[in-house]
Amino acid sequence: MFGSRTDREMVTCIACGERLSRSDAREYDKHGDRWERRDKTFEYVCKACFSEMSRHPRGDLEATLDAAGAGETDRGTFLEQFRELSRSGSERE
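What this report covers is the structure whose coordinates are included nearby. (Residues numbered from 1 in each chain as written. Predicted model: local features only at pLDDT ≥ 70, side-chain atom pairs only at ≥ 80, totals over all residues. Heavy atoms only, no water.)

## A short note on the overall build of the protein chain
Along the backbone of the protein chain there are 4 helices and 4 strands. Reading the helices (α) and strands (β) of the protein chain from amino to carboxyl end gives α-β-β-β-β-α-α-α. Evaluated residue by residue, the protein chain yields a buried proportion of 22% over its 93 residues. Relative to all contacts within the protein chain whose residues are 6 or more apart in sequence, the contacts with residues 24 or more apart total 28%. Here the protein chain has roughly 7,400 Å² of accessible surface; of this, 49% comes from carbon and sulfur atoms. (Helix = DSSP H or I, 4+ residues; strand = E, 2+ residues; numbered from the N terminus. Buried < 20%, exposed > 50% of the residue type's maximum accessible area, 1.4 Å probe, protein only. Contact = heavy atoms within 4.5 Å. Areas by Shrake-Rupley, 256 points an atom, 1.4 Å probe, with all protein chains shown as cover.)

## A short note on the environment of Asp 74
With respect to the secondary-structure elements, Asp 74 resides in the loop between α3 (61–67) and α4 (75–92). Among the residues examined, Asp 74 registers a relative accessible area of 45% and is labelled partly exposed. Polar contacts involving the side chain of Asp 74 include one to the main-chain amide nitrogen of Gly 76, which spans 3.2 Å. (Polar contact = N/O pair within 3.5 Å; in protein donor to acceptor, adjacent residues only side chain to side chain.)

## What about the packing of aromatic side chains?
As enumerated under the stated definition, the model contains 1 aromatic pair in all. Note that Arg 26 overlies the ring of Phe 50, its terminal NZ or CZ placed 6.0 Å from the centroid. (Phe/Tyr/Trp six-rings, centres within 6.5 Å; stacked < 30°, edge-to-face > 60°. Lys NZ or Arg CZ within 6 Å of the ring centre and 35° of its normal.)

## A closer look at the nonpolar core
In terms of nonpolar packing, the biggest core is built from 10 residues, these being Val 11, Cys 13, Leu 20, Ala 25, Tyr 28, Phe 42, Tyr 44, Val 45, Cys 46 and Cys 49. Only β3 (25–28) and β4 (43–46) provide two or more residues apiece to this core. Broken down by element, the residue count for this core peaks at 3 residues, all from β4. Setting aside residues no more than four positions away along its own chain, Leu 20 makes contact with Glu 9, Met 10, Val 11, Cys 13, Ala 25 and Cys 46. (Core = buried A, V, L, I, M, F, W, Y, C linked by side-chain atoms within 4.5 Å.)

## Topic: the side chain of Glu 62
Within the secondary structure layout, Glu 62 lies in helix α3. Every residue in contact with Glu 62, bar those within four places of it in the chain, is listed here: Tyr 28 and Lys 30.

## Here's the deal with the state of the cysteines
By the definition in use, this model includes 0 disulfides. Cys 16 supplies the cysteine sulfur nearest to Cys 13, a cysteine that is in no disulfide, at a spacing of 3.7 Å. Under the relative-accessibility criterion, Cys 13 is labelled buried at 2%. Since its relative accessible area comes to 46%, Cys 16 is described here as partly exposed. (Disulfide = S-S within 2.5 Å.)

Structure below.
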C-alpha cells in the first residue's frame, strides 16, 4: 500500500556515486558474508555497476584495503600503505 521503508530510503553507489533508492540497489558487503546481518551495515552498488563487477575471488584484497586505511586516511598515505602491504603479501607467496 505505502511501500516498504527500503523503497523510500536513499543510498549512494560506492562505485559511481549515483544516489538511488535502496530498493534499486544491490547490497555489497566488503567482508564477503552478506547473509550474516547481525550488527552489520552494508554499502550499496547500483545495478549498472553491479553488472560490471567481477565475480572472481578477491583473496585478501578487502583485508589489505582495510589495513591500508581505505576511506580513513588521505589518498597518498593510503596508496603508500597499500603498495607496501601488497609487496609484503606477494613476497610471502
